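Okay, here's what each chain looks like letter by letter:
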Amino acid sequence: MAAMSRIWRLVLAAAALLAAGAAGAQSLRTGSLLVATPALEDANFAESVVLVLRHDEAGTIGVVVNRVTSLAPADVFPELAEPLAGYDGRLFRGGPVAPTQLLLLVQGLAAAVLGGPAIVDNIYVTADPDLLPELVALSEGDQGLRLYAGHAEWAAGQLAAEIQAGAWQVIDGSADLVFHPEPTRLWREALGQSADAAVVDVRP
């Protein structure tokens, strides 16, 4: 865990390209939110809201942003107890893939620590735990820094098929939604916003 994994370097590189295409008709892209519909049968994603971190020809990577646990991150990652000292946020379940890998979403003053393109608004992603001491110091609690165990992945074309089958709605992401002060209420709020939403383009 000492260095950012290859997959997250790819996420950051892809975000720079995809952000350029964010204008225009609504489409599935970096920074979109996937809102599970009641038709979704996969228990891993029931009533979930997923922030899309990368969407390209290779597939899609995202993180579930509304499944907060009762655990402190250091309870699950004791090796990070020292760099997490003073952080009072809870650990989120980011998805079923790589559940022992920690993913960090950052906004506000703490975002200045990270380079590269934003995922949406002033939100950045990293998987580098070496940055934790500085991020914790600047984050002002969980409104500036949230920690997720695991993430979600879809193979090329898989997510588009699920969307077309009615399993997901797609809405524009925002800092207010991703860092919702009450994550357990986010799904109903986002589902209401997605009621009239239509995905125009699911292509990378």
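Residues numbered from 1 in each chain as written. Predicted model: local features only at pLDDT ≥ 70, side-chain atom pairs only at ≥ 80, totals over all residues. Heavy atoms only, no water.

A few words now on the environment of Gln-158. Among the structural elements, Gln-158 can be located in helix α4 (residues 158-164). Through-space distance from the C-alpha of Gln-158 to that of Thr-60 is 8.6 Å; in sequence the pair is 98 residues apart. (Helix = DSSP H or I, 4+ residues; strand = E, 2+ residues; numbered from the N terminus.)

Of note, Glu-47 is a non-glycine position whose phi angle comes to about 55°, a positive value. On the secondary structure map, Glu-47 appears in the loop between β1 (32-36) and β2 (49-56). Look at Asp-121: it is not a glycine, yet its phi comes out positive at around 50°. Relative to the helices and strands, Asp-121 is located in the loop between β5 (97-106) and β6 (124-126).

We now examine the pattern of salt bridges. Counted under the stated rule, the structure contains three salt bridges. The salt bridge partner of Asp-172 is Arg-29, with a shortest N-O separation of 3.1 Å. Highlighted residues: Asp-172 in strand β8 (residues 168-172) and Arg-29 in the loop between α1 (6-19) and β1, separated in sequence by 143 residues. For Asp-172, a relative accessible area of 42% gives the class partly exposed. Exposure remark for Arg-29: the relative accessible area of 13% places this residue in the buried category. One salt bridge in this structure joins Glu-182 and Arg-185, with 3.2 Å as the shortest N-O distance. (Salt bridge = Lys/Arg side-chain N within 4 Å of Asp/Glu carboxyl O. Buried < 20%, exposed > 50% of the residue type's maximum accessible area, 1.4 Å probe, protein only.)

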